[in-house]
Structures are given as C-alpha cells and as structure tokens.
Amino acid sequence: MLTHLYQFILQKIKIFPRMTAYGLLLLLCVSCSQRSSLPNVELNINKVKATSRPGVYNVAGSTNLPDDSQIVVTAVRYLRLAQERSLNPNSSTNTYSILARQSVPVSAGKWQTTLNFWQVAPDGRFQEAWQMEAALQNSLQPATTVSFIATYKPSSQLTATQQQIPELQGKLVRFSNDGEEYVQASQTLLIALASGKTTPPSIQPEDINGGWGNRAELRVDNPSSTTRPKVIRTIQSNAPLSGSEYLR
C-alpha cells in the first residue's frame, strides 16, 4: 500500500511544484509517526478487599484505556489431583475453578467491581463452585490462594463505529494460542476455603427428578368421564321418548 502511495507522490512531482511534493511527503511521515507513538497500554489491579459479606470481595484498578472499555475480572483457584504432593505450575494435570467473573466498564481511567464466589449448598453450607460436585471435592486438592485476574481483549469490545479501539502496545500485551492480543493484570491472595452455614435454599420443582418435579403431585386432566351427557332434543330429534313424554 505504501509503495503505491509513493508512486502516486512521484507522479505528482512531475505536475506540481517541488514544494508541494515536499509537503505531501512530510504529511505522510507525520501520519506514520503518530500511529507508532501510541502510549503503552496500562492495566493494574490496585485493591482487593473483603467485604462484610462472606465470600464477597471488592476489586478495583486503573488503566489508560478509553472510557467504556470492558475489563473482565475473574477469581480463580487452582487445583491439583489429590494424590500429587505439591502444586506444580508446569504439570499437565493442573486445573482450575472459576469462582466468579464480572465484566466492568472503564470510567475516567478507573474500574471497580464486586465478586461473590461463595455458593450455598442444599444443606446450607457455603461452598465454592468446584465443591458443589462431590466427585471433584474428593479428587482435587485446592491451592491456598485465589488469583484475581483483570483482562482486556480488543476482540470482545464494541465495534469501531461505537467506540475507538486503540492498537495495543507495551510490555503487558500478550497473544493467545489463536493469535488474539490481550492485556492482563493479576493479583494473588491467601484466601481460605468457604466455611460456615446459612439458611438452606428453598427447593424448586425444577431441582427435583431431573426438572420434572414431584410427578405424584402433578394434576392430570382425565378426558374420559363416567357422567353421561344430557341429550339435547329438538323437534326434529329421533332420540327415544322418555317416560314423561309417553304420558303427555
């Protein structure tokens, strides 16, 4: 594309005065320098603080991304197989549980959200998401820490007609296996597993019998009836006469 542009400029040199050609070249250089001088993208997690509610944390940070850019904030606890002695970051058997995830917009260089990663079991106990499955709870050993991760992906933002999406530059820029660029910041804290109990949640019909509920309580409308319908007679009816009609 630049080659065609330079050829166009060289053609104009033969037509316009030399000063005009110099002006076109200067304009091209200025536009290129402006594009390459974008500031480095910044994304920080400034504060992670527990609230008065069990399992609820406030997460706040800062960035130089434009307003209304969407930051995805995730709380993750890493897990390993129970028979392993330690958590090896390079082990292929490692997995993780997403405890909570929220998308929050940027406003005046700031963003803030609240994550709740405790759930209530049927018996009222507080548990994390992976603990709700008994098989996982018995086979996995959780890490003692929770990682709070803030991620910005240009591919998940609004279209260019709705907002200006900057070109990512800087040491924080990473690329996924699919080649998508993103920026990420994280902070890891020692956070104990869920504990304590509360009022058990009420059981809904969709929670019973695979969503069918208690079928013994289902009302079934029987279309058949033992009551004989009343015969409606008209002057032209050929129905048998009743006893009272014989006495008339």
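All of these numbers come straight from a predicted model, not from anything done at the bench. (Residues numbered from 1 in each chain as written. Predicted model: local features only at pLDDT ≥ 70, side-chain atom pairs only at ≥ 80, totals over all residues. Heavy atoms only, no water.)

For strand β2 (residues 56-63), the buried fraction is high: seven of the eight residues fall into the buried class. The sheet contact formed by strand β1 (residues 43-50) and β2 spans seven bridges and is antiparallel. Counted as the bridge partner of Val-48 is Val-59 from β2. Once β1 ends, the chain turns through five residues before running back antiparallel as β2, passing Gly-55 with a positive phi of about 75 degrees. Relative to strand β5 (residues 110-116), β2 runs antiparallel, the two sharing seven bridges. Counterpart to Tyr-57 in the pairing with β5 is Leu-115. (Buried < 20%, exposed > 50% of the residue type's maximum accessible area, 1.4 Å probe, protein only. Helix = DSSP H or I, 4+ residues; strand = E, 2+ residues; numbered from the N terminus. Pairing = 2+ DSSP bridges.)

For Asp-68, which is not glycine, the phi dihedral falls at a positive 75 degrees. Residue placement: Asp-68 occurs in the loop between β2 and β3 (70-81). With relative accessibility at 49%, the residue Asp-68 sits in the partly exposed group. Notably, Ala-108 is not glycine yet its phi reads approximately 55 degrees, a positive angle. On the secondary structure map, Ala-108 appears in the loop between β4 (95-105) and β5.

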